[in-house]
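Single-letter residue listing:
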Amino acid sequence: MANGTGRPLIGVTTYLETGARWNTWQLDAALLPVGYPRLVQRAGGLVAMLPPDAPEHAAATVARLDGLVIAGGPDVEPVRYGAERDPRTGPPSRERDAWELALAAAASAAGIPLLGICRGMQLLNVALGGTLVQHLDGHAETVGVFGRHPVKPVPGTLYAGLVPEEMSVPTFHHQAVDRLGTGLVPSAHAADGTVEAVELASGGWVLGVQWHPEMDEDLRVMRGLVRAAGG
């Protein structure tokens, strides 16, 4: 393993925010909700936070990791998938888009296990040439509050092997996968047909989930990543 400790080292991407407040401070900050590192730790991994960096450093960064999580966050800029911006699409996070697209490409080239969460699933789809629905209703009911709805696995997929039953998941998103990226297949759906998980049909451990496992007690998805990262 990259860290030599017996526990896989999992890199998790972060927000980059201006004027964040804590205690007496108001400073620019690389942020990560604590649910992400806690989920990795509970699943048996070590955590490295990966704030946005120059895309040319992505391969060197991935080379030091055993696994990668692309975390939730702002909408992917529509220009990344050849679309005009819908008025309901949020403001761009260009540094983060560039960095995470480079990380996804580097992880793919290196065969590093990858988990995309919410925005991370959408960015994975875009990285592989797919497109997004820029707005849908019913998956983010109250601003700043996670809702729940059931998702149903597709039999025979990687995801179904981890979570074989239909289950209720914590969710907060207003965008979704439209055209699937090259090599991706759907591995779970919501009741309204929205694709809620995607994975590579072949070529390694790559999974994206539209919900937020870091806001739940179920460790199976993250344990799957950590096991794959442990070789």
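Rules used in this analysis
- One numbering rule holds for all chains: residues counted from 1, following each sequence as written.
- Only residues with pLDDT of at least 70 get local features here, since the model is predicted, and only at 80 or more are side-chain atom pairs given and counted; chain-wide, interface and lining totals rely on the full set of residues.
- For the side-chain quantities, the full set of heavy atoms in the structure was used; hydrogens and water were omitted.
- Starting at the N terminus, helices and strands are each numbered in turn, a helix being any DSSP run of H or I of at least four residues and a strand any DSSP run of E of at least two.
- Pairing between two strands is assigned when DSSP locates at least 2 bridges connecting them.
- When the centres of two rings from Phe, Tyr and Trp lie within 6.5 Å, Trp using its six-membered ring, the rings pair. Their planes under 30 degrees apart give stacked, over 60 give edge-to-face, and anything left gives tilted.
- Throughout, exposure labels follow a simple rule: accessible area from a 1.4 Å probe, protein chains only, divided by the maximum for the residue type, with under 20% read as buried, over 50% as exposed, and the rest as partly exposed.
- Remark: a charge is flagged as sitting over a ring if the NZ atom of Lys or the CZ atom of Arg is within 6 Å of the ring centre and within 35 degrees of the ring normal.
- Between N or O atoms, a polar contact is any pair within 3.5 Å; within protein, one atom must be a potential hydrogen donor and the other a potential acceptor, and residues adjacent in sequence are included only when both atoms are from side chains.
- Two residues qualify as a contact provided that any one of their heavy atoms is within 4.5 Å of a heavy atom in the partner residue.

**Thoughts on the environment of L31**
Residue position: L31 is located in strand β3 (residues 25-31). Counting along the chain gives 20 residues from L31 to P51, while the straight-line C-alpha distance between them is 8.1 Å.

**Comments concerning the pairing of strand β11 (residues 184-190)**
Side chains on a regular strand alternate between the two faces of the sheet. As defined by bridge partners, strand β8 (residues 147-153) adjoins β11 across 3 bridges and the pair is classed as antiparallel. The residue bridging K152 from the neighbouring strand is H189, located in β11. Adjacent in sequence and paired antiparallel, β11 and strand β12 (residues 195-200) are bridged by 4 residues, among which G193 carries a positive phi angle near 95°.

**Considering the packing of aromatic side chains**
What the rule picks out here adds up to 2 aromatic pairs. Where F146 meets F172, the ring centres are 6.2 Å apart and the plane angle is 65°; that geometry is what we call edge-to-face. Here F146, found in the loop between β7 (132-133) and β8, pairs with F172, found in the loop between β9 (167-171) and β10 (176-177); they are 26 residues apart in sequence, far enough to count as distant. Given the relative accessible area of 30%, F172 is considered partly exposed. On the numbers, 5.4 Å between centres and 65° between planes, the contact of Y159 with W211 is edge-to-face. On the criterion of sequence distance, the pair formed by Y159 in helix α5 (residues 158-162) and W211 in the loop between β13 (206-209) and α6 (220-229) is long-range, its members being 52 residues apart. No difference in accessibility class separates Y159 from W211, as the two residues are buried. Here the basic side chain of R96 rests over the ring of Y15, its NZ or CZ set 4.9 Å away from the ring centre.

**What to know about helix α4 (residues 119-127)**
Counting buried residues in α4 gives 8 out of 9 residues, a clear majority hidden from the surface. Turning to α4, its buried residues number three or more, namely R119, G120, M121, Q122, L123, L124, N125 and V126. Where α4 ends, the next residue or the one after it, G129, has phi of about 95°, a positive value.

**Some words on the side chain of T157**
Among the secondary structure elements, T157 is positioned in the loop between β8 and α5. We classify T157 as buried; its relative accessible area is 13%. From its side chain, T157 meets the backbone nitrogen of A160 in a polar contact 3.1 Å long. When neighbours within four sequence positions are excluded, T157 is seen to be in contact with P186, S187 and E199.

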